Amino acid sequence: MNLLIRKGLKEDAKGVVEVNTYTWLSTYKGLIPDEILNNRLNTMNERISKIEQEIRENDNLYVALDNDKIVGIMSYGKSRNEQYLNSGEIYSIYVLDEYQGYGLGKMLFMTGIRELINKGYNTMIINVLDGNKAIHFYEKYGGVNVGNKCDSIGAIKITEQIMYFDDLNNIYNSFNEKKLNV
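Residues numbered from 1 in each chain as written. Predicted model: local features only at pLDDT ≥ 70, side-chain atom pairs only at ≥ 80, totals over all residues. Heavy atoms only, no water.

*Asks:* Explain the sheet that holds strand β4 (residues 88–95) to me, and be specific about the residues and the numbers.
*Replies:* Ordered by their spatial adjacency, seven strands build an open sheet running β1-β2-β3-β4-β5-β7-β6, and the pairing between neighbours is mixed. Unpaired on one side and paired on the other, β1 (3–7) and β6 (144–153) mark the two borders of the sheet. Going across the sheet, the axis of each strand differs from the next one's by a mean of 25 degrees, ignoring polarity. Together, β2 (61–66), β3 (69–78), β4 and β6 form the strand contacts of helix α1 (residues 13–27), whose direction differs from that of β3 by roughly 90 degrees. (Pairing = 2+ DSSP bridges. Helix = DSSP H or I, 4+ residues; strand = E, 2+ residues; numbered from the N terminus. Axes fitted to C-alpha atoms, helices over the stretch in contact; angles between N-to-C directions. Contact = heavy atoms within 4.5 Å.)

Here you go:
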């Protein structure tokens, strides 16, 4: 494996859509109805141009690569939650199943924190779908469940846990100190 994390480019859109789709299929199986998951699979090609445009306009995406294959993605920015308008937000972190356990999720998470710090944020939120096992990862890095957020995907209502992270500088510095002491 030759793993690298870099800023996302519009040319990455197809790989981004693939990672997003296939991780949804595995992560959210049993949490989101199959018809919605299958619809994501069936609309992959249609979503590529939208993702290209989002990458160009927002410049808030990182990709994890194994050689030239996109195997993970992370996007971030200003919080979309009205209760946390002064916070940043990691909108998504997805790593293909076969690449989980190599630290890519952690590297993408810390990259998001670094980018939010660079934008002037010292707190952030992440919304985690009820039942998603990733919530334990976020708790390990200081995330505290501060409430629920109801949303919808099409006609389906979902509930997400709002994970709040205080003192991003401390989280980022602690992570880097541990890396140096290994």
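*Asks:* Break down the pairing of β4 for me, with residues and values.
*Replies:* Judged by how many residues are buried, β4 sits mostly within the fold: seven of eight residues are covered. Pairing geometry for β3 and β4, over seven bridges, is antiparallel. Directly across from Met74, in β4, lies its bridge partner Ile93. Where β4 and strand β5 (residues 123–129) come together, two bridges link them in parallel fashion. In the strand pairing of β5, Gly88 is matched with Met124. Handedness of the crossover joining β4 and β5 through helix α4 (residues 104–118): right-handed. (Buried < 20%, exposed > 50% of the residue type's maximum accessible area, 1.4 Å probe, protein only. Right-handed = clockwise from strand over helix to strand, strands pointing away.)

*Asks:* Could you give an account of the nonpolar core, with specific residues and numbers?
*Replies:* Counting residues in each nonpolar core, the largest one holds 51 residues, and the members touching the most others are Phe109, Met124 and Phe165. The dominant element in this core, judged by the number of residues it contributes, is α4, at seven residues. Setting aside anything within four residues of it in sequence, one finds Met124 in contact with Ser87, Gly88, Glu89, Ile90, Phe109, Ile113, Leu116, Met163, Tyr164, Phe165 and Leu168. (Core = buried A, V, L, I, M, F, W, Y, C linked by side-chain atoms within 4.5 Å.)

*Asks:* I'd like a rundown of the packing of α1 against helix α2 (residues 34–42), residues and numbers included.
*Replies:* Put simply, α1 and α2 touch, their axes get as near as 9 Å, and they point 160 degrees apart. The orientation of α1 relative to α2 falls into the category roughly antiparallel. Here the hand of the crossing between α1 and α2 comes out left-handed. Across the interface between the two elements, Asn20, Thr21, Tyr22, Trp24 and Leu25 of α1 pack against Leu37, Arg40 and Leu41 of α2. (Parallel < 35°, antiparallel > 145°, perpendicular 65-115°, else oblique. Left-handed = near helix turned anticlockwise from the far one by under 90°.)

*Asks:* Can you lay out unusual backbone geometry for me, pointing to particular residues and giving the numbers?
*Replies:* Not every positive phi belongs to a glycine, and Asn67 is a case in point at roughly 60 degrees. Looking at where Asn67 falls in the secondary structure, it is placed in the loop between β2 and β3. Phi at Asp167 takes a positive value of approximately 60 degrees, unusual for a residue other than glycine. Note that Asp167 resides in the loop between β7 (156–166) and α6 (168–180).

*Asks:* Account for the side chain of Ser87, naming residues and giving values.
*Replies:* On the secondary structure map, Ser87 appears in the loop between β3 and β4. Look at Ser87 and you get buried, because its relative accessible area is 4%. Within the structure, Ser87 has its side chain in polar contact with the side chain of Thr123 (distance 2.6 Å). (Polar contact = N/O pair within 3.5 Å; in protein donor to acceptor, adjacent residues only side chain to side chain.)

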